[in-house]
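# Fold and contact review
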Amino acid sequence: MFGSALPATVDLGLNDLHSVLITYIVSRQRQERCLLCLEDIGSEETQSSDQEIASLLKKFAIEPEQLLLQSEQKHRYQHFAHTLMSQRKAFACLCVAENPQTPSQDSLCHNSCFEHQEMVAQQIKEQKLPYVIRIKKAEEEISFVDLIQGKVSVAPERIGAPVLLRSDGNPSPLFASACDDMLSNTSLRVCAMRHLDSTPGEIHIKQSLGYTAKTDYAHLPAIHAGEAAADDDTPLSIRQLLEEGFLPDAIINYLLLAGNTHPAEHFTLPNAVAWFDLSTLSPDPIKFDKETLQHLNRRHLEAMDDRSLSTLFGFADADIGRLLKLHLGEADTISALERRIKAIFSPKRCDGDTAGQMQTLATLICEAPMIDAFEDFVQYLVTQSGIEEARLLTLLRLLITATPDGPRLEDIYPLISPYITEIARYTP
RNA sequence: GACCCUUUCAUCUAGGGGCCAAGGAUGCUGCGUUUUCAACGCAGACACAGAGGUUCAAAUCCUCUAAGGGUCGCCA
């Protein structure tokens, strides 16, 4: 079983998708099950259901075998915690968190609650004080080899005595994650870089519970939006990228390109499964580069089947697909293409002295017979309207595409000739 | 403040003592093509963070310095 945790928020981030993607790819490669744990306990952010997350991931063709909701596992976490308590490997603690803004030197319990468990228990009983359950400090240094970051070893003082159960009875994310690994026997856990230093704590918890199976860890570098991560808090939201008109395939392509050795620049998820290698990932943080993503998006749109491309815009016509591809030059996202195609299919308007000529042309086209060749079409219009050819071409472009520039009209015309009367409409 | 990690063009990377006066891709600049913008084609500019070592030979190994990132909560 390969696992990865992700927040159960409506707005999944690029970094979250990154972890999920890597987990999924490696699970396909080694033909193991892929498990995603949804951290839906105690977060203030808007929650979303497992179905919502699953359907979002499905857009990316990521279909994990199992989605686990941590809120449904609560009793198991509590059971583990009480087991540790009864073995005196964990203890109740009355220490209240210091001011979060100025973290204390060590995260250990200051009042040596562990040494005075009877007294603590009594206080809790008599005064109903809020308390947490902490794991006992580790005896010795804990080290492991991260698949991306290399060897990590951390002294017991640094691990401290992490909280297992919070005062509201809910597990801490760290504890929940350690338990999830044990319950589902996870052999590889992919997570974000920022959790690297808490991993020894997780290992310590598992060891205390007598779990001996090895879990490999891979901590992915973060993808930053701006120059100095701190000042630019532009959220790299997946939903937003999709709304901007990026194809899921292009986003996947980008994520696998960044911080990775790649045999090609342009590829799809199934290709990537063939060559992806966790060990070649760079531990360096990555700067999000939208231009690269745009370029990839264009490539993926280009590679799409004509007819399926047109279905993204409510058509089912390979010619419309080709028409869209003609516009890839100036439009590299779905939404930009949509603006183009909408402009073509809506009535055109313009002001000034061109208005009269536009009207003439529109009427002529409406009444014209079906003409296959663009040249003949233009000749017909020149003869009928008496407008000189160069001028007519400019007007015709406006009447068809609603913009002064774009792909060559002779390329466009054969693709839209069946729709020409619908397209060449003019509203004063 | 403490601990850990990283450093090759603007960006993502190739490289693992000699095949490297450093290759590819994106972006940028110019030219071509185009009624037009873009795309496309061709050409061009742009990097081994710095200083010391080791070696016949260093982008590559070692040390220090600098810069970036991460962590030090009942956060996630």
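Residues numbered from 1 in each chain as written. Chains lettered and ligands numbered in written order. Predicted model: local features only at pLDDT ≥ 70, side-chain atom pairs only at ≥ 80, totals over all residues. Heavy atoms only, no water.

## A closer look at the domain arrangement of chain A
- The domain architecture assigned to chain A consists of domain 1 (2-220) and domain 2 (301-423).
- Using C-alpha coordinates to define each centre, domain 1 is positioned 58 Å away from domain 2. (Domains from an automatic or database assignment.)

## What to know about unusual backbone geometry
- Unlike most non-glycine residues, Gln 31 shows phi in positive territory, near 50°.
- For Gln 31, the position within the fold is in the loop between helix H1 (14-29) and strand E2 (34-39).
- On the basis of relative accessible area, Gln 31 is assigned to the exposed category, the value being 71%.
- Of note, the phi angle at Arg 88 is positive, near 60°, even though the residue is not glycine. (Helix = DSSP H or I, 4+ residues; strand = E, 2+ residues; numbered from the N terminus. Buried < 20%, exposed > 50% of the residue type's maximum accessible area, 1.4 Å probe, protein only.)

## So, the protein's contact with RNA strand B
- The environment of RNA strand B is made up of 51 residues, and the closest members are His 195, Gly 259, Thr 261, Asp 284 and Gly 329.
- In RNA strand B, atoms within 4 Å of the protein come 69% from sugar and phosphate.
- In the model, a sugar or linking oxygen of RNA strand B is placed 3.0 Å from a nitrogen or oxygen of the Leu 257 main chain.
- Within the backbone of Gly 259, one N or O atom sits 2.7 Å away from a phosphate oxygen of RNA strand B.
- A total of 5 residues in the surface near RNA strand B trace back to one element, the largest contributor, which is helix H11 (residues 290-303).
- Here the residues of the surface near RNA strand B sort into 16 nonpolar, 18 polar and 17 charged. (Near = heavy atom within 4 Å. Polar contact = N/O pair within 3.5 Å; in protein donor to acceptor, adjacent residues only side chain to side chain. Nonpolar A, V, L, I, M, F, W, Y, C, P; charged D, E, K, R; others polar.)

## Quick notes on the packing of aromatic side chains
- In this structure the tally under the stated criterion is 7 aromatic pairs.
- Both rings, one in Phe 267 and one in Trp 275, keep their centres 5.0 Å apart while their planes meet at 85°; by these two values the pair is edge-to-face.
- Residue class for Trp 275 comes out partly exposed when judged on its relative accessible area of 23%.
- Where Phe 345 meets Tyr 419, the ring centres are 5.5 Å apart and the plane angle is 80°; that geometry is what we call edge-to-face. Linking Phe 345 in helix H14 (residues 334-345) with Tyr 419 in the loop between helix H18 (409-416) and helix H19 (420-423), this pair joins segments that are 74 residues apart in sequence.
- Feature note: the residues Phe 315, Phe 345 and Tyr 419 constitute an aromatic cluster, connected by ring pairs. (Phe/Tyr/Trp six-rings, centres within 6.5 Å; stacked < 30°, edge-to-face > 60°.)

## Points about the sheet that holds strand E8 (residues 163-165)
- Pairing is antiparallel in the open sheet, where 3 strands are placed in the order E4-E5-E8. Two strands in the sheet have a free side with no partner beyond their single neighbour: strand E4 (90-93) and E8. This sheet shows a mean twist of 45° between the axes of neighbouring strands, independent of strand direction.
- In terms of strand pairing, E4 meets strand E5 (residues 132-135) through 4 bridges, oriented antiparallel. Within E5, the residue paired with Cys 93 across the bridge is Val 132. (Pairing = 2+ DSSP bridges. Axes fitted to C-alpha atoms, helices over the stretch in contact; angles between N-to-C directions.)

## Here we look at the packing of helix H13 (residues 318-326) against H14
- Where H13 contacts H14, the two axes come as close as 10 Å, and the packing angle between them is 115°. For the pair H13 and H14, the crossing hand works out as right-handed. Judged by residue contacts, Ile 320, Leu 323 and Leu 324 of H13 engage Leu 337, Ile 341, Ile 344 and Phe 345 from H14.
- Residues that form the contact of H13 with H14 fall into these classes: 7 nonpolar, no polar and no charged. (Left-handed = near helix turned anticlockwise from the far one by under 90°. Contact = heavy atoms within 4.5 Å.)

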